[in-house]
Amino acid sequence: MASVPVIPDSYNHVLAELECLDPLLSALRLDSSRLKCTCIDVSKRWLALGSSGGGLNLIQKDGWKQRLFLTHKEGAISRVACCLHDEDYVAVATSQGLVVVWELNQERRGKPERIYVSSEHKGRKVTALCWDTAALRVFVGDHVGKVSAIKINTSKQGKAAATFVMFPVQIITTVDSRVVQLDYLDGRLLISSLTRTYLCDTEREKFWKIGNKERDGEFGACFFPVGKNSGNQQPLIYCARPGSRMWEVNFDGEVQSTHQFKQLLSSPPLPVVTLRQDPHYTGSSCSPQSLSFPKLLYLTEHCVVTWTERGIYIFLPQSLQVLLWSEVKDIQDIAVHKSELFCLHTNGKVVHLSLLLVDRCVERLMRRGFWTLAARVSCLFQNSIVSCRARKNLPLDKLKHLKSQLDASTQQDLIVQLEELIAKLEPLDSACSSRRSSISSHESFSVLDSGIYRVISRRGSQSDEDSCSLHSQTFSEDERLKEFPAHHEDEQLELENVSHASVVVEADRNETFLPFSIPLSFRSPSPLVSLQAVKESVSSFVRKTTEKIGTLHISPESRGKHEAKDDEQLPELTLNPVASPQEEKELEPQNCQLPEEDRLRDLRAATAETMYSESPRSESSVCIPSLSLVGLRLCLEINTCISSGLSISEITCHSPVALAMESEDMLKILKLLHDLGPWDDSPLLLAHAQRLYEKFGETALRPLIKFHPSILPSDIKQLCRNDPAHFLAYLDSLVKSKPEDKRPFLLRSLLQPESVRLDWLCLAVSHDAPQRANTVDEEGNPRPRSHLFTWGYSQLILLLIKLPADFVMKEKMADICKSHGFWPGYLFLCLELDRRIEAFTNIVHLDDLSLLNGEDGSIPETIEEWKFVLHLAQNHSTASHQHSPQNGNAVSNGGPSCPDCITVENVALLLAKAIGPNRALPLLQECGLTLELSERFTGVCEILRIAEKRQRALIQSMLERCDRFLWSQQA
């Protein structure tokens, strides 16, 4: 049987179509040749479908039961928007440019009524509708750039409805081109046009342009609300840019960073889980996708969804990740609510997709009886199914039940694939389950506020050996879980609406599900009976754990000695396994060196303290050790190995990780290390990391970022001292694993001592970098456009140089960047060190006008700086003309063939935009450069003068209107 490509474990979400809306569209007669769906919106209660005949269908999402039909004589419905904070209101735009606001009157069980009709955009095409998030106000944008707001007053507002409203429609602004998307949050309106994005404070009536660089085409923008536990953090804004990029913008409209997803989108598309066809995955990477995102929509927490004519894309922009992308053709529009996506296709068809974790998707398919599809999804996403989180939701018995539902005669290949998946799934933490079963078979217990365990014995229970099956363990735990109010189902349901990052955290937190943390309420039995039960259960626990790690060299004498200590210490409640100095001296191996002896002694004491905690006795409860499974397991391994005379390297050779190390499955080894955590500062983890690196090389370093700060970059640098490039890969992955706003804090905490910054910077500019001959000429100056070369660790380099440092450190970093030709960093440092003349000189050598128009202060600020740049441009143009005489004046004067080059005319145009044409011309005449300017410069200056006059006239007109309005109010 041919092998089937398996989706990597980094993808654990999927888009699933769990119900088909074709029958609904057929019932609404929206699948005919005469009528079709033209627009869509969704809220918590309603699915709104506008039709080409002028009708609006509102269908209740709960069971698709109730339906409202609203008719319009003003033409087809082009846009629809449901009010999210009050679902009794909906706004529609018609093909004639009218905007109609409806009150549904569902609370009073009355008929829907039109409460306002706006003709402000009549004769134009309404391209965007958006509701205020708190008030009854609708924002409208059209194809010429006009944006208005409709203030609604209804009987629900009580006294406010009786007030006289002079201007129910307010003109917000008119932007330069068609409105592509509107979004609103906390008093601010986001307007995305064909050329740029604008931010409007609707309360103070202030406007900002986001960024300086324009664009040309349909690019969306959306607000990115903060989570509930984010404190005082403000929301973010994401703006689409050409080439699969996004700007991350703060709530004040300042661009923080640019996210590039082009290379990340070279991964193959994930299949959409649907009943229409079997999921298919090729596994072969495609070329990087340079896309334009027509809209950006906020989806659940931390996700942004967009689409093109090729497919749907879901990003985690804060962590610069592609959660998934799937091929879905011919999408006209998408409406989202939490994790639901309703996709409107160009042919009027509507598809309902849900963003789900893979295991939740399989579980839902099984619940609905779609056995074949559930099996195919399980086999495709088997790497995710094997993960610990998924194994909790899809245990072994469910997958075996799924296999039993397949037809052996027609689905043999699928059964074989499912059997291979089942073979990879051992019972989840089987050793821990058997130990839980042995303990719970004897007693139940609860944890008091003081940390004391209250124990009750179960008389007549079966022995350890009789109750170690997986079924009996599950059944007994289910019985115990019924004794207290469980919240796990609610948490699992909420998991569908949380981000990928929060799911990972939740999985880590619940990795070892033990009854020690479950509070159970019952009476305490006799202390002697409880103590005897604890003694037996711990003895059974020790025995089974010893059998699990039976490869350790444990002598019968030492084992008997440990059991004797247990028998002696438990009844007397003097639980302190730390040996006396004399005993430690007897246990120390004679052939070990002193440093390793100290480490072993400290480690032994630390694990002993982790195992046990002494508490005062009580009449109603029994004071027993506060057990930690990981601490007890480590203590058993380390203490036993120390008593047997083993060193740390020998301990790692005889640990459970060493057994897994014999296999070639690196992921399995890493998972085992993760399950044995938390490691804190254990030297065992570093020893295991060294063995992983020796076995798998660089590929084993990147996953080790999950063990930070137990493993520090200094440890990794020591491991790969023979290959510094491997250390760079680890450091880069560690930094990128954090959200962008957290990366500087992390990197600064790692720079101890401060001098390592220069070492790391030298490494970063020396590896995965262009040749120095390609960036620096013979005279040491930058080669033209060499700042556009790709540097593998450019993000890490920029982080290092942008961190606060003293003047001497900044100068040393500037010298390093200049010597290696990393010009973006060098220009930044020159501006930061106030070496502006040097920065302008290098910008002219780089021959890129955009560097003079940046947001980092690189534009000239004084007249003297403008004169200096103009003379540099003149010399540069002359030199270029001498080297390329065949290019003529078009090159030297900065004609249309080189609009981004550093030429006199281009710099002069930049000067005219900065200080105005009336001030720029005298300065150019003073420098004697007017003869080198073409008619293009004169024409642009005339346009700038006209724009200034219109702007002044508009401001004057607005002031006069405000003045008349204020006088009318006083009258």
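Residues numbered from 1 in each chain as written. Predicted model: local features only at pLDDT ≥ 70, side-chain atom pairs only at ≥ 80, totals over all residues. Heavy atoms only, no water.

A count of helices and strands for the chain gives 35 helices and 31 strands. The buried share of the chain, taken over its 971 residues, is 50%. In the chain, of all internal contacts separated by at least 6 residues, the share reaching a separation of at least 24 is 58%. Here the chain has roughly 47100 Å² of accessible surface; of this, 51% comes from carbon and sulfur atoms. (Helix = DSSP H or I, 4+ residues; strand = E, 2+ residues; numbered from the N terminus. Buried < 20%, exposed > 50% of the residue type's maximum accessible area, 1.4 Å probe, protein only. Contact = heavy atoms within 4.5 Å. Areas by Shrake-Rupley, 256 points an atom, 1.4 Å probe, with all protein chains shown as cover.)

Below, the discussion takes up helix α34 (residues 917-926). Looking only at α34, the buried set comprises Pro-917, Ala-920, Leu-923 and Leu-924. Looking straight down α34, one finds that the buried residues subtend no more than 125° of arc, so they occupy a single side. Among the exposed residues of α34, those pointing more than 90 degrees away from its buried face are Asn-918, Arg-919, Gln-925 and Glu-926. Where α34 ends, the next residue or the one after it, Gly-928, has phi of about 70°, a positive value. (Arc of directions from axis to C-beta.)

With that settled, consider the nonpolar core. Judged by nonpolar contacts, the single largest core of 90 residues is most densely connected at Leu-692, Leu-704, Ile-716, Trp-760, Leu-852 and Val-907. Once residues lying within four places of it in the same chain are set aside, the contact partners of Val-907 are Leu-849, Leu-852, Trp-866, Val-869, Leu-870, Ala-873 and Ile-902. Among the nonpolar cores identified, the runner-up in size contains 54 residues, and Tyr-281, Trp-307, Val-336 and Leu-406 belong to it. (Core = buried A, V, L, I, M, F, W, Y, C linked by side-chain atoms within 4.5 Å.)

Another aspect to go through is the packing of aromatic side chains. To describe a pair of aromatic rings, you give the distance between the ring centres and the angle between the ring planes. Using the criterion set out here, one finds 13 aromatic pairs in the structure. Between Phe-224 and Tyr-298, the ring centres sit 5.4 Å apart and the planes meet at 85°, which makes this aromatic pair edge-to-face. Residue Phe-224 is found in strand β18 (residues 221-224), and its partner Tyr-298 is found in strand β23 (residues 297-299); the two are separated by 74 residues along the sequence. With a relative accessible area of 27%, Tyr-298 lands in the partly exposed category. Here the basic side chain of Arg-241 rests over the ring of Trp-247, its NZ or CZ set 4.1 Å away from the ring centre. A cation sits over an aromatic face here: Lys-695 above Phe-696, 5.7 Å from the ring centre. (Phe/Tyr/Trp six-rings, centres within 6.5 Å; stacked < 30°, edge-to-face > 60°. Lys NZ or Arg CZ within 6 Å of the ring centre and 35° of its normal.)

Taking strand neighbours across the sheet as the criterion, the 4 strands line up as β14-β15-β16-β17 in an open arrangement whose pairing is antiparallel. On the outer flanks of this sheet lie β14 (179-185) and β17 (206-210), each paired with one strand and no other. Across the sheet, the mean angle from the axis of one strand to that of its neighbour is 20°, orientation sign disregarded. Here strand β16 (residues 197-201) pairs with β17 via 5 bridges, running antiparallel. Bridge assignment links Cys-200 to a residue of β17, and that residue is Phe-207. (Pairing = 2+ DSSP bridges. Axes fitted to C-alpha atoms, helices over the stretch in contact; angles between N-to-C directions.)

This part takes up the pattern of salt bridges. When the charged atoms of two side chains lie near each other, side chains of opposite charge can form a pair. If you walk through the whole model with that rule in mind, you get 27 salt bridges. Of the charged contacts, one joins Lys-61 and Glu-340 as a salt bridge, the two residues approaching to 2.8 Å between their closest N and O atoms. One end of the pair, Lys-61, is in the loop between β4 (55-60) and β5 (67-71); the other, Glu-340, is in strand β28 (residues 340-345), and 279 residues separate them in sequence. Residue Lys-61 is classed as buried on the basis of its relative accessible area of 15%. A salt bridge links Glu-754 to Arg-757; its shortest N-O distance comes to 2.6 Å. For Arg-757, a relative accessible area of 1% gives the class buried. Connected through shared salt-bridge partners, Glu-17, Asp-22 and Arg-276 make up one network. (Salt bridge = Lys/Arg side-chain N within 4 Å of Asp/Glu carboxyl O.)

A few words now on the environment of Pro-678. When you line up the elements, Pro-678 lands in the loop between α20 (666-675) and α21 (683-696). With 32 residues separating them in the primary sequence, Pro-678 and Ser-710 have C-alpha atoms 8.7 Å apart.

A rise of 1.5 Å per residue sets the reference length of helix α23 (residues 724-736), with its 13 residues, at 18 Å; its end C-alpha atoms lie 18 Å apart and thus fit the reference within 8%. For α23, the buried fraction is high: 10 of the 13 residues fall into the buried class. Among all positions in α23, only His-726, Phe-727, Leu-728, Ala-729, Tyr-730, Leu-731, Asp-732, Ser-733, Leu-734 and Val-735 are buried. Against α21, α22 (713-719), α24 (743-750), α25 (756-766) and α27 (794-802) lie the buried residues of α23. (Expected span 1.5 Å × (residues − 1).)

So, about unusual backbone geometry. The residue after His-708, namely Pro-709, is reached through a cis peptide bond having omega 10°. Summarising the element assignment, Pro-709 is placed in the loop between α21 and α22. Located in the positive-phi region is Lys-338, a residue other than glycine, with phi close to 55°. By secondary structure assignment, the location of Lys-338 is in the loop between β27 (331-337) and β28. Even without glycine at this site, Asp-834 takes up a positive phi of about 65°. Relative to the assigned elements, Asp-834 resides in the loop between α29 (823-832) and α30 (836-846). Asp-834 gets classed as exposed once you look at its relative accessible area, which sits at 60%.

Another point: the sheet that holds strand β22 (residues 273-274). Taken in spatial order, the 5 strands line up as β22-β1-β29-β28-β27 in an open sheet, and their pairing is mixed. Two strands bound the open sheet, and with one partner strand each, they are β22 and β27. In the packing of helix α3 (residues 358-367) onto the sheet, the strands contacted are β1 (13-17), β22 and β29 (350-357), and the crossing angle to β29 comes to about 120°.

What follows concerns the packing of α27 against helix α28 (residues 807-820). One way to put it is that α27 packs onto α28 with a least axis distance of 10 Å and a crossing angle of 155°. It follows from the interaxial angle that α27 and α28 lie roughly antiparallel. Touching Leu-800, Ile-801 and Lys-802 of α27 are Lys-810, Met-813 and Cys-817, all from α28. Class assignment of the residues belonging to the contact of α27 with α28 gives a composition of 4 nonpolar, no polar and 2 charged. (Parallel < 35°, antiparallel > 145°, perpendicular 65-115°, else oblique. Nonpolar A, V, L, I, M, F, W, Y, C, P; charged D, E, K, R; others polar.)

So, on to the environment of Val-80. Here Val-80 lies in strand β6 (residues 77-82). Residue Val-80 is classed as buried on the basis of its relative accessible area, which comes to 8%. Non-local contacts of Val-80, meaning those with residues more than four positions away in its chain, are made with Cys-39, Ile-40, Asp-41, Ala-48, Leu-56, Val-90, Ala-91, Val-92 and Leu-129.

This brings us to the packing of α20 against α21. Working note: a packed helix pair is described by the angle between its axes plus the distance between those axes. The N-to-C vectors of α20 and α21 enclose an angle of 175°; their axes lie 12 Å apart at closest approach. Between α20 and α21, the interaxial angle falls into the category roughly antiparallel. For the pair α20 and α21, contact is made by Met-666, Ile-669, Leu-670 and Leu-673 and by Leu-685, His-688, Leu-692 and Phe-696, respectively. Counted by class, the contact of α20 with α21 contains 7 nonpolar, 1 polar and no charged residues.

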